[in-house]
Each structure stands twice: as structure tokens, then as C-alpha cells.
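# Architecture and fold: a report
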Amino acid sequence: MKYLHLVWAALTRRKVRTGLTLLSVVVAFVLFGLLESVNSVFTTAGQTVGAAHRLITISKMGLFNPMPVSLEAQIRAVRGVGAVSRYSFFGGTYQSPKNVIGTLFAVQRNFFDLYPEFKIAPSALRAFDATQTGAIVGAALARKYHWKVGDQIPIKSMIYPRKGGSYIWTFDLVGIYHARTPLEEQDFLFRWHYFDEARAFGKGTVGLFVEKIAHPRQASRIAAAIDALSVNSGHETKTQSDSAFAVDFLSQYVDLGLIVHAIMGAVFFTLMLLTGNTMAQAVRERTPELAVLKTLGFSNRSVLSLVLAESVLLVILGGALGLLLAAAVVHVLQGQMGAQLPMMPVGGGIWLRGIVVMALIGLAVGALPARRGMRLRIVDALSGR
Amino acid sequence: MSALVEIRSLSKVYQRGRQRIEVLHHINLDVAQGEFVALMGPSGSGKTTLLNLIGGLDSPTEGTLAVAGERIDQLGQGALARWRAAHVGFVFQFYNLLPMLSAQRNVELPLLLTKLKGAERRRNASVALQLVGLADRATHKPGELSGGQQQRVAIARAIVSDPTLLVCDEPTGDLDRQSAEEVLDLLQQLNRAHGKTIVMVTHDPKAAEHAGRILHLDKGTLVESEQAAA
Ligand SMILES: Nc1ncnc2c1ncn2[C@@H]1O[C@H](COP(=O)(O)OP(=O)(O)O)[C@@H](O)[C@H]1O
Ligand SMILES: [Mg+2]
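Residues numbered from 1 in each chain as written. Chains lettered and ligands numbered in written order. Predicted model: local features only at pLDDT ≥ 70, side-chain atom pairs only at ≥ 80, totals over all residues. Heavy atoms only, no water.

## Topic: the overall build of chain B
What counts, and what does not: Starting at the N terminus, helices and strands are each numbered in turn, a helix being any DSSP run of H or I of at least four residues and a strand any DSSP run of E of at least two. For the radius of gyration, the atoms used are the C-alpha atoms, and the globule rule reads 2.2 Å times the number of residues raised to 0.38. A 1.4 Å probe rolled over the protein chains alone gives each residue an accessible area, and that area as a share of the maximum for its type sets the label: buried under 20%, exposed over 50%, partly exposed in between.
From N to C terminus, chain B includes seven helices and 10 strands. Computed over its C-alpha atoms, the radius of gyration of chain B comes to 17 Å, within 12% of the 17 Å expected for a compact globule of 230 residues. For the C-alpha atoms alone, the extent of chain B along its principal axes is close to 45 × 40 × 40 Å. Taken over 230 residues, chain B has a buried fraction of 53%.

## Observations concerning helix H1 (residues 47-54) of chain B
All names here are of chain B. With seven of its eight residues buried, H1 lies for the most part within the structure. Burial in H1 covers these residues: Lys47, Thr49, Leu50, Leu51, Asn52, Leu53 and Ile54. Positioned one or two residues after H1, glycine 56 has a phi angle of 75 degrees, which is positive.

## Side note on the interface of chain B and chain A
Where we set the bar: Residues are treated as being in contact if the distance between any of their heavy atoms lies within 4.5 Å. Here the buried area means the combined drop in accessible surface, using a 1.4 Å probe, for two parts upon being joined, counting both sides. Salt bridges are counted wherever a side-chain nitrogen of Lys or Arg sits within 4 Å of a carboxyl oxygen of Asp or Glu. Pairs of N or O atoms within 3.5 Å make up the polar contacts considered here, provided that, within protein, one atom can donate a hydrogen while the other can accept it, and that residues adjacent in sequence are counted only when both atoms are side-chain atoms.
The interface of chain B with chain A comprises 23 residues on the first partner and 21 residues on the second. Where chain B abuts chain A, roughly 2100 Å² becomes buried across the two surfaces, and 68% of that area is made up of carbon and sulfur atoms. Area buried by chain B at its contact with chain A is led by B:Met100, B:Leu112 and B:Leu113, which between them contribute 27% of it. Residues B:Asp58 and A:Arg377 are paired through a salt bridge, measuring 4.0 Å at the closest nitrogen-oxygen approach. Here chain B is connected to chain A by five residue pairs in polar contact (both at pLDDT 80 or more). Of the residues forming the side of chain B that touches chain A, the biggest block, four residues, is contributed by helix H2 (residues 77-87) of chain B.

## Observations concerning the sheet that holds strand E7 (residues 134-138) of chain A
Residue and element names in this part refer to chain A. This is how it is decided: When DSSP finds two or more bridges between a pair of strands, those strands are recorded as paired. Interaxial angle, 0 to 180 degrees, is taken between N-to-C directions of lines fitted to C-alpha atoms, where a helix line uses only the stretch in contact.
Within the open sheet, the 11 strands sit side by side as E5-E4-E8-E9-E7-E10-E6-E3-E12-E1-E13. Their pairing is mixed. With partners counted over all chains shown, the strands left at the sheet margins are strand E5 (100-101) and strand E13 (237-241), one partner each. In the packing of helix H9 (residues 219-229) onto the sheet, contacts are made with strand E1 (54-59), strand E3 (81-89), strand E12 (208-213) and E13, and the angle to E13 comes to roughly 165 degrees.

## Details of the packing of aromatic side chains
All names here are of chain A. Put simply, the test is: Any two rings among Phe, Tyr and Trp, with Trp reduced to its six-membered ring, count as a pair given centres within 6.5 Å; such a pair is stacked if its planes are under 30 degrees apart, edge-to-face if over 60, and tilted if neither. Geometrically, a charge over a ring is one whose NZ (Lys) or CZ (Arg) sits within 6 Å of the ring centre while staying within 35 degrees of the ring normal.
Overall, the coordinates contain 32 aromatic pairs over all chains when judged by the stated rule. Sitting above the plane of the tryptophan 192 ring, arginine 86 keeps its charged end 4.6 Å from the centroid. Seen from the ring of tryptophan 169, arginine 162 lies directly overhead, with NZ or CZ sitting 5.5 Å from the centre.

## As for the side chain of A:Ser230
All names here are of chain A. Along the chain, the position of serine 230 falls in the loop between H9 and E13. Here threonine 237 takes part through its backbone nitrogen, which lies 3.2 Å from a polar atom of the side chain of serine 230. Contacts of serine 230, omitting those with residues within four sequence positions, involve Leu71, His235, Glu236 and Thr237.

## Quick word on a nonpolar patch on the surface
Residue and element names in this part refer to chain A. Quick note on the threshold: Excluding any residue in a salt bridge, patches collect residues exceeding 30% relative accessible area, merging like charges within 9 Å and nonpolar Val, Leu, Ile, Met, Phe, Trp and Tyr side chains within 5 Å. To be clear on the numbers: accessible area is Shrake-Rupley with a 1.4 Å probe, and residue cover counts the displayed protein chains and nothing else.
Side chains of Val16, Leu20, Leu23 and Val27 sit close together on the surface and give an oily, nonpolar patch of about 410 Å² of accessible area. Locating valine 27 in the fold gives a position in helix H2 (residues 15-43). Judged by relative accessible area, valine 27 falls into the exposed class, the value being 51%.

## A closer look at the pattern of salt bridges
All names here are of chain A. For the coordinates displayed, the defined rule picks out 29 salt bridges over all chains. A salt bridge links glutamate 289 to arginine 13; its shortest N-O distance comes to 2.0 Å. Of the two residues, glutamate 289 is situated in helix H12 (residues 287-295) and arginine 13 in the loop between helix H1 (4-11) and H2; the sequence distance between them amounts to 276 residues. When its relative accessible area of 23% is taken as the criterion, arginine 13 is described as partly exposed. Three or more residues joined by partner-sharing salt bridges are found here, namely Arg13, Arg14, Arg17, Glu285 and Glu289.

## So, unusual backbone geometry
Its identity is not glycine, yet A:Asn232 carries a phi of approximately 60 degrees, on the positive side. Using a relative accessible area of 68% as the deciding quantity, one classes A:Asn232 as exposed. The backbone of B:Asn96 shows a phi angle near 50 degrees, a positive value even though the residue is not glycine. Assignment of secondary structure puts B:Asn96 in the loop between strand E6 (88-91) and helix H3 (103-108).

## Brief notes about helix H6 (residues 177-194) of chain B
Residues and elements named next belong to chain B. Rules: The span you would expect from a helix comes to 1.5 Å times its residue count less one.
For H6, built from 18 residues, the straight-helix expectation of 26 Å at 1.5 Å per residue is met to within 8% by its first-to-last C-alpha distance of 25 Å. For H6, the secondary structure elements touched by its buried residues are strand E3 (36-40), helix H4 (118-131), helix H5 (147-159), strand E7 (165-169), strand E8 (197-201) and helix H7 (205-208). Near the N-terminus of H6, the side chain that reaches the backbone nitrogen of glutamine 178, with its oxygen 3.1 Å away, is that of aspartate 176. Immediately downstream of H6, the backbone of glycine 195 shows phi near 70 degrees, a positive value.

## Quick notes on the packing of H12(A) against helix H13 (residues 300-337) of chain A
Residues and elements named next belong to chain A. We count it as follows: Note on terminology: angles under 35 degrees are roughly parallel, angles over 145 are roughly antiparallel, angles of 65 to 115 are roughly perpendicular, and the others are oblique. Crossing handedness follows the turn of the near helix against the far one: under a right angle anticlockwise gives a left-handed crossing, and clockwise gives a right-handed one. Polar here means any residue outside two lists: the nonpolar Ala, Val, Leu, Ile, Met, Phe, Trp, Tyr, Cys and Pro, and the charged Asp, Glu, Lys and Arg; Gly therefore counts as polar.
It is the contact of H12 with H13, at a shortest axis distance of 9 Å, that shows an interaxial angle of 140 degrees. In this view, H12 runs oblique relative to H13, as classed from their interaxial angle. Regarding H12 and H13, the two cross each other, and that crossing is right-handed. Of the residues in H13, those in contact with Leu290, Leu293 and Lys294 of H12 are Asn300, Val303, Leu306 and Val307. Residues that form the contact of H12 with H13 fall into these classes: five nonpolar, one polar and one charged.

## Description of the domain arrangement of chain A
As a reminder, the rule being used: Each domain's extent was defined by an automatic or database domain assignment.
Under the domain assignment, chain A is made up of domain 1 (4-45 + 255-382) and domain 2 (54-251). On a C-alpha basis, the centroid separation for the pair domain 1 of chain A and domain 2 of chain A is 46 Å.

## Observations regarding the environment of A:His261
All names here are of chain A. Within the secondary structure layout, histidine 261 lies in helix H11 (residues 256-285). Accessibility expressed as a relative area gives 51% for histidine 261, which makes it exposed. For the pair histidine 261 and valine 307, spaced 46 residues apart in sequence, the C-alpha to C-alpha distance is 29 Å.

## Here's the deal with the site of ligand 1
Inclusion rule: Definition of nearness: a residue and a molecule or strand are near each other if at least one heavy atom of the residue lies within 4 Å of the molecule or strand.
In the neighbourhood of ligand 1, 13 residues make up the surrounding shell, with A:Arg385, B:Gly44, B:Lys47, B:Thr48 and B:Thr49 lying closest. Ligand 1 is flanked by residues contributed from chains A and B. Between an oxygen atom of ligand 1 and a main-chain N or O atom of B:Ser45, the distance comes to 3.3 Å. Contact distances for ligand 1 include 2.7 Å between an oxygen atom and a side-chain N or O atom of B:Thr48. Contributions of two or more residues to the shell around ligand 1 are made by strand E1 (5-16) and H1 of chain B. Take the shell around ligand 1: its biggest share by element is three residues, from H1(B).

## Re the sheet that holds E8(B)
Residues and elements named next belong to chain B. In spatial order, the strands read E6-E7-E8-E3-E9-E10; together these six strands make up an open sheet with mixed pairing. Each of the sheet's edge strands pairs with one partner strand only, and the pair in question is E6 and strand E10 (221-224). When the angles between neighbouring strand axes are averaged without regard to direction, this sheet yields 20 degrees. Alignment of E3 against E8, held across four bridges, turns out to be parallel. Pairing of leucine 39 across the sheet is with valine 201, part of E8. Taken strand by strand, H1 contacts E3, E7, E8 and strand E9 (213-218), and its axis lies near 160 degrees from that of E7.

The structure is reproduced here in C-alpha cells:
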């Protein structure tokens, strides 16, 4: 710490150059913060306490291939399985084809037992039980379309016509549920039995089963036992933990992680060339000064540390500034777009990863100049050789 | 009584590619505690080389070199660095202050390597600046000081950790007559009033007159001249 003023003096020696380098670090880490914020939506999907206690069973052929309802009784009999619930996808649009609601599901009443993170009033649940066409929607979705309990909501299904041929299904909104984040308040849920009775085809088939398990440790054993039920049956299943399922589900659209890492790789590579060049120049210029420090008795190691500290400090300063900016941007966007924004706040996890990346980049770009400073021969440097 | 600096048959050879330059040939020299020695000689005669060896900035090719009884020719790089920090103060022709640090901070530099606390470092540095007559310039950066003042700051830095030995390489080489006189008077005062042993390289016979003894180096061998009339 007592050397900090030396590091600082070195950094502020060429203010314009340091400023420009700092700016490029800031920009790189704003980008890092924003991309990580998007990426977090994917990597943290389904990582709730509840999710650890849930398994999801879908058709081995893919999410949209139906399974017979009869499987449910067999699943319920598997040792370790508690409650089982079924639901079906029901993609639809509201009013205009542009208003796609991808999170429309036909569910059973015990859906809310399996998803304790979805908070719903008991009175709303009773109304759900009592209303054939009842629907419960997430608070964020309700806000978006200005829906209130009591509203009649016509949904045009993208998959299922009703008996009689109409694709319009009208639901009565009986309740609104709340969850931790707007992202989890996007579901439109209605009664599976109503759906099964009224649809023109596919009666008796299900898109997904959800199983509650008492011990997350047993997840893989139970999943294997469930999948064994349908082996060689023509409707084989694939059972996995809810968190694994969520990631799978999202990445069927796009492998965002890969894209994020590719972009960040390119950005950080450029950043390292730039910062590395600055550091090399800075140390070359200061060769006589480093020689003086050594003359005074500073060890090779302290000279090495001084230069490394300089580059690490530079990157951490710029990086922290960048992440702060990214956090502010996400905050503002969330204020404006709410749950539509596929971004998580820039939180502890992103900061932690960010700081590790900053330290690594700082060390990497400082390494060569620092080694050069360390190896400097005093007599040569002093005589300008 | 044995000398503070004891040099026996000291040689230094620089190897540049295939070329061998023998800069110092079997030099013998004793410098007693409290002496002020001037080292003169034509350019390229090896003065800086000899001074750097005495100051422990470089190691000899042959021969022995002891300071205060310690064989510094046998020390490794790390040990030599620690030895320099404890025993030698350096003054160079071009002052070699760190341009971004105030005079005070420059003088404090050697103390960073000691166990002294921040407050003690500041106090010792202030005392050293007072001694060279620049207490009022403590917050100035080198660029805001004249050459003579910068050299006095460098001298304060050289003495702040109370070294055994001061080595000065053409300390007045870049100064006008008046500033040079001030710097030389200061060195002389450090020698006489504070008992500092000084080895100073200089071109300038007037500067050498401030020393108690003048040595001439010519093509790598040492010739003692008559006692200076200091
Ligand atoms: N690091 C070195 N490598 C090669 N040659 C050197 C080195 N240092 C000094 N010399 C050579 O040694 C000779 C003496 O140099 P130096 O001691 O600096 O002389 P002076 O200080 O008397 O002018 C010169 O010829 C110089 O070129
Ligand atoms: Mg010289």
C-alpha cells in the first residue's frame, strides 16, 4: 500500500494516453456487463430453490411432441416422486398477431403446489377451481395488457382449434400471481381439463409432466426410473431437472452463451492489444526511472510488482467504471421496458466474474513490460544503453 | 585501522558480442572512513564503471571489493540491492529524480524500503530537505525546480537513510558555476560536519578541489595525484 502513490504517479504521467486506454477498458466492460446481463437470464433460468425439487418430463422427440396422459399414473407410482402435474403448451396471440404470448399453458390446479415461487391468493385459486374458463396470469403480463380480474380475454391459439373449428378461446381472468422477477410473471395459465374437453384434436395427450421430489440428491435416479417406464413404447420420455430443462429450453432458440463468449473474446483480445501496447510504451519511457528505483535498492520483484500493479489498477479502474455504467443502463432499460427486457440486473455474480476478468487482463498485459522492468540492468539503463 | 572501501586488483571486462573491452585493470584503492575522494580522468577512462562497482550497482570481473569489511563482490543481485539500500547514497549527473513525485516524495523513496512508518518517513525526509536548504520546496515537482535545486533534492535523497558511503557521478556536470559551487559546498559540509565518506567522479578540476584527495584514472589504471588543497 505504501507504494500506491508510485503506481498512481506512473499512471497519471501521461494523462491523455492513460485516459484513452481507460476509455477503451470502460467501453469493453460496459459491453461485458450488458452481455453478461443478457446471458444471466439464460444461465440462472430455473435456478430457484423450488426448481431443485422439480423434475420435468417431456417427449424424447422434443418439447412439442405429445405424451399420453396415462403415463401420469405410472409416474406417480415411481418411488421418490411426490405430486405430479401435467401441462400443455398453447401458444397464442392476443388481439393482434403481433401480440404473441409464448407462455400460455393449460395447467392443473396443483401447478401452484409444484411452483411455490408463484404466489397466488387462496381466493383466486378457489375461483380457478369454480370457473371452467378461468385463467390466472402473471402480474407482469397483466400489467402489459392492462388486464384486471373479471376481464374476458380472447386468445387466438396458434396450435389448437376448438371443436367446431374456431381458434379463438375466451378465458375469464380469475387471479393474478406474483413471483420474484417480472421475468417469472409472464405465464398465462388456464385449466387443463377445459382445454382437453374443448380442443378439436389431441385429446388425452400432454406436453409435459412436472414431478415433485423430496430429495434433490435422488433426482438422477428418479429421472432414470421415470424414463424407464416408456422405453421402447413409441412415446419415450426425457426427464431432467427443472434447471437443466430451463437452460435447454432457452438454448433451443439460440446458443447465447456461445455468442456472448465469442463477442467478449474478440473485445478482450482487442483490449489486451491496446492496453498491452500502452503498458509497453509506458514502461519503455520510464526505463531510467525504474533503474533509479533499483539503484536505491528496490528489488527486481518490487519493480515487477509495481508495473503489474499499474496495469491491474488501470484495468480495474476502467472495468469498474464500465460495469457501473452497464448497471445503470440495465436499470434504466428495465424501468422503461420492464419484463420485456431479457436482461438481469448487473449483480454480484457479474461483478465477481468481471473483477476476475479484469485482474487476469491486467496481469496479462502487464506481464511482458513488468518482466522487462525486472530484468533491466541498472548500469545499462542509467547510461542509456 | 582498515579502510572503509578496500579494493584489491579489481578488473572489469565488458563483453560485447565478440569484442572484449577491459575497462579497469587490476585497480587497488583504499578509501578511509570520512574521506572525500575525487576521481578524475578523461572520458571513457572507466570512472563511472569504477564508481558503479564501489556503489554495488555492478559486479567486478576479477579482484576483491570490500566496504566496511563486507565483500560486496561476492553478493548476488538481491543481496546487493539490499546492501545498496542500507549502505550507499547515489548522486548522478542528471539528478535522476522521479518527475511525477514531489521533492518530499522523491526524498522519501529510499525510506520505503525501511521499516519506518509513514509519519517517520515524512519527518526524516523533511529533515533531509532542510539539510540541503530546500524545506520550502518540499511540495514542488522536479520540473518546477532549477538544476541546482534538483541536484540538492537528489543529495537529500542520497543521505536520507544515513548511508555509509556517498557516491556521486559528475554531480556538477550539468550545472552552472554558481549552482555547482552550492552543490559542492553542500557535499563538503556533509563530509566535514556529518562525517560522510564521499567518492565523487568529476571532470572539473575546480570541483575536485573540494575533495580531500584526488585520483586520476587513465585507461583503466589509477594514478594518485598530490593532496588537494581543500
Ligand atoms: N555496460 C557496458 N557495456 C559495454 N561497454 C561499456 C559498458 N559500460 C561502459 N562501457 C565502456 O567502458 C568504457 C568506460 O566507460 P565509463 O566507465 O562510463 O567511462 P567514464 O565514466 O570514465 O567516461 C567506455 O569505453 C565504455 O564504452
Ligand atoms: Mg562517466
